[in-house]
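# Summary of the model geometry
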Amino acid sequence: MKKVLISIAAIAALSSAAFATVNSQTGCGLGSQIIHDDSSAVMLALQATTNSTLGNQTFGITSGTSGCKKAKFVMNERAAEFVASNMDQLSREIAIGQGESVSTLAELLNVENKAEFAAALQANYNAIYTSEKADMATVLDNVSTIAG
């Protein structure tokens, strides 16, 4: 039982913390709202379990409720697939600040000012591609941070 609780606490600490505004270990959501004590692994596990069991953390992130910060971009599967299949081309176009791939990504992310979006990506190229082996998730996270 102790191993299960430690495993749950570890998973909770690693999941969704990037979107958190209430608790940096379990994130936002009803669990973090009603269980304020985050001093032990058991309490963190209860927060995470409440968040995931009730499915309210995802709703909170997209709607900006339950102590969650509403993301400017809601990453969708189409954007993830596009970035994954166009990593090289997208990298080149972000470096020059324009191109069909950058425009398509802006469209998939519902960006209104595409020129400003492309310029921001170009100016922050090294923050988006933090290594030569940057993966799709890292690139999308960095794009949303910079453009958001």
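Residues numbered from 1 in each chain as written. Predicted model: local features only at pLDDT ≥ 70, side-chain atom pairs only at ≥ 80, totals over all residues. Heavy atoms only, no water.

### Quick word on the side chain of Ser101
If you trace the backbone, Ser101 turns up in helix 7 (residues 100–108). Take Ser101: its relative accessible area is 7%, and that puts it in the buried class. The residues touching Ser101, leaving out its near neighbours within four places in the chain, are Phe82, Gln89, Leu90 and Glu93. (Helix = DSSP H or I, 4+ residues; strand = E, 2+ residues; numbered from the N terminus. Buried < 20%, exposed > 50% of the residue type's maximum accessible area, 1.4 Å probe, protein only. Contact = heavy atoms within 4.5 Å.)

### What about helix 7?
Looking only at helix 7, the buried set comprises Ser101, Val102, Leu105, Ala106 and Leu108. Down the axis of helix 7, the buried set is contained in an arc of 165 degrees. They therefore lie on one face. Looking at the residues trailing helix 7, positive phi occurs at Asn110, about 60 degrees. (Arc of directions from axis to C-beta.)

### Focus on unusual backbone geometry
Although it is not a glycine, Asn110 sits at a positive phi angle of roughly 60 degrees. Along the polypeptide, Asn110 turns up in the loop between helix 7 and helix 8 (114–123).

### A look at the pattern of salt bridges
Where side chains of opposite charge bring their charged atoms close, a pairing between them can arise. Inspection of every chain in the model, using the stated rule, returns one salt bridge. Where Lys114 meets Glu107, a salt bridge forms, and the shortest distance between an N and an O atom there is 3.0 Å. (Salt bridge = Lys/Arg side-chain N within 4 Å of Asp/Glu carboxyl O.)

### Topic: the confidence of the model for the protein
Per-residue confidence for the protein gives a mean pLDDT of 75, with 61% of residues at or over 70. Looking over the protein, one finds the lowest element-wise mean pLDDT in helix 1 (residues 2–14), namely 55, and the highest in helix 8, namely 95. For residues 13–23, every residue scores under 50 in pLDDT, and the model assigns this stretch 24 contacts once sequence neighbours within four places are set aside. (pLDDT = per-residue confidence, 0-100.)

### Quick word on the environment of Leu140
Note on placement: Leu140 falls in helix 10 (residues 136–147). Judged by relative accessible area, Leu140 falls into the buried class, the value being 4%. Spatially, the C-alpha atom of Leu140 lies 7.3 Å from that of Ala80, the residues being 60 residues apart in sequence.

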